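# Notes for the structure review
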Amino acid sequence: MDDKHASSELQQRVAELEAQVEAQQQRLDAIVRISANLGRRNDLRQAMREMVVEVSTLLHADRTTIYELREDEMLYGLAVQGELSLEVGIPLNEGIAGLVAAKGRSINLKDAYKHPAFNPRFDKMTGYRTRSMLCVPMRNHQGDNIGVLQVLNKREGYFSLEDERVLTALAAQAAITLEALRLKLKLQISNIDLRELSVQLQEKVDELELLYEIERRLTDAQDLEALADQALSLIARIARCEEALLYLSKEIGASYLRGAAPEDPLKTLCIDRPEAGILGAVMARGGALTHRRGEADSPLFGDASRLCEDGVFAPLTDGERIFGVLGLLRRVERDRRSDAADERLAVLVAGQLSRAVARLVRLDDERRRDRLVTIGQMLNGVLHDLRGPMTIINGYAQLMAELDSEAERVEMAEGISRQITLLNDMTREVMAFARGERAVFARKVQLSAFVRAARESLRSEFEERGVRFIVDCQVTQPVFFDDSKMMRVVTNIARNARQAMGESGTFKWTIRIAEEELIFELEDDGPGIPAKIKDQLFEPFITEGKTHGTGLGLAIARRIVEAHRGRIDFESAPDQGTRFIVRLPMGDEPVA
């Protein structure tokens with residue numbers, strides 16, 4: 001039950017994570033599209049009108065407004081959905097928008113009318129009813145407020161913290177565009193300045209596209225090497241450097257270096273003494289660091305052969321400790337970005353890498369724990385299954401010590417040998433199941449001997465519980481199957497039945513031939529199989545009410561039967577017992 005419940009919760013969690021990733025990707029696509037549109041437009045009002053439509057669609061809002069803060073300390077609407085005249089001045093500290101512009105802090109309201117600063121005048125004038133509201137400041141590159149971006153009335157519910165993060169990112173892009181377009185319109189800059197501004201705008205778009213693409217690739221990465229391989233080349237190209245470095249502390253994983261060209265291979269680095277170079281300085285500082293050309297070359301780490309002539313570095317952190325460093329090495333001189341721009345980019349990307357690395361470390365820990373639990377379950381089941389043969393071996397050994405008859409001692413020795421063979425077979429079959437192997441080797445089987453061996457293997461367990469073991473073999477002719485593997489099918493089903501029946505009951509094994517099939521019917525009069533595990537009965541690790549075992553028994557049984565090109569079914573009803581029906585094809589060569 002616990003395993004099934006955990007599996008169900010895991011599937012539900014995976015579905016939720018997939019939905020979150022899909023929603024996040026849609027948002028990132030929209031952000032890139034908005035940024036690209038802003039970068040292409042020269043008409044201020046047209047750019048803003050297109051943006052408000054995209055923002056409303058992205059955040060499922062009824063209406064979006066962009067306000068510009070002008071020199072007279074009044075807010076003026078640049079673009080709003082559903083309105084034609086926008087030149088309405090809002091003083092600072094008046095209304096929600098004025099308050100956000102004055103304080104520089106976002107306001108997220110579930111019910112706008114409950115906020116003392118909300119002014120319902122516009123609702124009364126237009127007949128519009130404001131409910132939920134999210135309003136964020138637009139800041140320029142110096143951190144000054146130059147406007148406000150506001151969305152109203154989320155269609156379902158109210159605006160979330162994630163909506164606030166997205167709108168803040170869009171406000172930053174709108175602020176960049178507004179500043180750039182102000183310069184174009186008011187200062188009538190020269191062609192050289194215009195080209196420089198265009199490059200700056202393209203850098204912002206490139207950075208946003210980089211962040212989006214890195215986020216997408218990091219989400220797909222399943223291990224640290226794949227993460228480094230996916231991200232470093234892209235980072236190096238956008239940052240215009242020859243190589244990008246990802247250093248990770250030894251308890252996290254290896255360190256990697258890759259060039260900007262797509263064909264450049266990913267290199268794994270062995271970094272023994274990071275504290276002896278720039279990497280150590282970045283980790284000690286806890287912030288970005290730029291090493292400029294012209295400064296004395298410094299080693300990246302303890303290896304003096306790895307000197308840094310130019311680079312920008314940012315730490316990777318999980319909020320509590322610094323566990324790595326991102327480095328942009330040997331930046332290209334032509335069309336070089338500013339050090340401040342490179343530091344900002346390095347910090348942004350390092351934050352993304354930090355989250356991705358932390359996610360992979362958590363996943364690796366979870367997989368390791370799952371493997372240990374699985375190994376423990378398998379070992380527990382194997383040890384329990386070994387108890388039967390070991391009990392028989394112990395009994396034979398004691399009898400041999402007391403017998404004088406050579407013939408009887410030989411018979412006991414043969415019994416011990418059979419049980420040792422069974423132990424080996426059981427171990428091999430569990431390992432074969434774990435490896436997914438399906439090979440079986442059919443041979444001629446005398447059912448009388450097969451039944452006798454099964455009885456001998458199960459006798460002590462059934463006698464201990466007072467459970468009757470009845471065999472009705474209606475077949476006298478030889479048949480063909482892999483007797484050692486089919487012995488596991490019979491004993492696995494029989495042991496499950498014996499455990500289900502408790503201290504008394506009857507287990508009946510009927511062997512017959514019908515319609516060119518050899519049929520084993522294995523039936524008990526126990527409580528029946530619980531309805532909640534019927535659909536998953538043959539799946540690994542499905543158990544109910546057992547103190548021993550792993551839930552591998554029936555999974556192994558099904559794999560063995562299917563390897564014989566047969567099938568296994570069951571019938572069960574509450575308090576009426578359970579019957580397993582195993583059907584194997586007849587013939588001289590039943591298995592290829």
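As a convention, each chain's residues are numbered from 1 in the sequence order in which they are written. In keeping with the predicted nature of the model, local features appear solely for residues at pLDDT of at least 70, side-chain atom pairs appear and are counted solely at 80 or more, and the whole-chain, interface and lining totals rest on all residues. Values reported for side chains reflect all heavy atoms of the structure, with hydrogen atoms and water molecules removed beforehand.

Glancing now at the sheet that holds strand E1 (residues 61-69). Criterion used throughout: strands pair if DSSP finds at least two bridges between them. Strands are runs of DSSP state E lasting at least two residues, helices are runs of H or I lasting at least four, and both sets are numbered from the N terminus onward. What the 6 strands build is an open sheet, ordered E3-E2-E1-E6-E5-E4; its pairing is antiparallel. Looking at which strands have only one partner, the edges of the open sheet turn out to be strand E3 (90-91) and strand E4 (107-109). Sheet topology note: the E1/strand E2 (residues 74-80) ladder contains 5 bridges and is antiparallel. When the sheet's bridge partners are listed, Thr65 is paired in E2 with Val80.

Turning next to the nonpolar core. Phe450, Phe481, Met486, Phe507, Trp509, Phe520 and Val582 are the most contacted members of the largest nonpolar core, which has 39 residues in total. Counting residues per element, the ones that place at least two in this core are helix H11 (447-465), strand E16 (467-473), strand E17 (479-481), helix H12 (483-501), strand E18 (505-514), strand E19 (517-524), helix H14 (553-563) and strand E21 (577-585). Per-element accounting of this core gives the leading share, 8 residues, to H12. Here a residue-residue contact requires only that any non-hydrogen atoms of the pair lie within 4.5 Å. Non-local contacts of Met486, meaning those with residues more than four positions away in its chain, are made with Phe450, Phe481, Phe520, Ile560, His564, Val582 and Leu584. Counting 30 residues, the second largest nonpolar core, distinct from the first, contains Ala236, Leu246, Leu345 and Val357. In these notes, a set of buried Ala, Val, Leu, Ile, Met, Phe, Trp, Tyr and Cys residues joined through side-chain atoms within 4.5 Å is what counts as a nonpolar core. Each residue's exposure class comes from its accessible area (1.4 Å probe, protein chains only) as a fraction of the maximum for that residue type: buried when under 20%, exposed when over 50%, partly exposed otherwise.

Attention shifts here to helix H3 (residues 95-103). A large share of H3 lies buried, amounting to 7 of its 9 residues. When H3 is considered as a whole, its buried residues turn out to be Gly95, Ile96, Ala97, Gly98, Leu99, Val100 and Ala101. Contacts from the buried residues of H3 go to E1, E2, E3, E4, strand E5 (133-139) and strand E6 (145-154). Of the residues trailing H3, Gly104 is marked for its positive phi of about 75 degrees.

Here we take up the packing of aromatic side chains. Each Phe, Tyr or Trp ring (for Trp, its six-membered ring) is paired with any other whose centre lies within 6.5 Å, and the angle between the two planes then decides the class: stacked below 30 degrees, edge-to-face above 60, tilted in between. Tallying each qualifying case throughout the model produces 10 aromatic pairs. Ring geometry for Phe450 versus Trp509: centroids 6.0 Å apart, planes at 75 degrees, classification edge-to-face. Note that Phe450 is positioned in helix H11 and Trp509 in strand E18, a separation of 59 residues in sequence. A single burial state applies to Phe450 and to Trp509, both of which are buried. Each ring, one from Trp509 and one from Phe520, has its centre 5.5 Å from the other, and the planes form 80 degrees; the classification is edge-to-face.

Right, let's get into the side chain of Asp524. By the secondary structure assignment, Asp524 is in strand E19. Here Asp524 sits buried without a salt bridge, and the closest side chain of opposite charge, Arg579, lies 10 Å off (N-O distance). The term polar contact refers here to a pair of N or O atoms within 3.5 Å; inside protein, the definition further demands a hydrogen-donor-capable atom paired with an acceptor-capable atom, and it admits residues adjacent in sequence only when both atoms are side-chain atoms. Engagement of the side chain of Asp524 in a polar contact is seen with the backbone nitrogen of Gly526, the distance being 2.8 Å. Not counting residues within four places of it along the chain, the set of residues in contact with Asp524 comprises Ala497, Met501, Thr506, Phe507, Gln576, Gly577 and Thr578. Neither His nor the chain ends is counted toward charge; the positive residues are Lys and Arg and the negative residues Asp and Glu. Think of a salt bridge as a Lys or Arg side-chain nitrogen and an Asp or Glu carboxyl oxygen that are within 4 Å of each other.

Moving on, we get to unusual backbone geometry. Notably, His60 is not glycine yet its phi reads approximately 55 degrees, a positive angle. Topologically, His60 is positioned in the loop between helix H2 (44-59) and E1.

As enumerated under the stated definition, the model contains 21 salt bridges in all. Between Asp339 and Arg331 there is a salt bridge; the shortest N-O distance is 2.8 Å. The salt bridge partner of Arg579 is Glu521, with a shortest N-O separation of 3.6 Å. Of this pair, Arg579 sits in strand E21 while Glu521 is found in strand E19, placing the two residues 58 residues apart along the sequence. Taken together, the salt bridges that share partners define one network made up of Arg292, Asp310, Arg331, Asp339 and Asp342.

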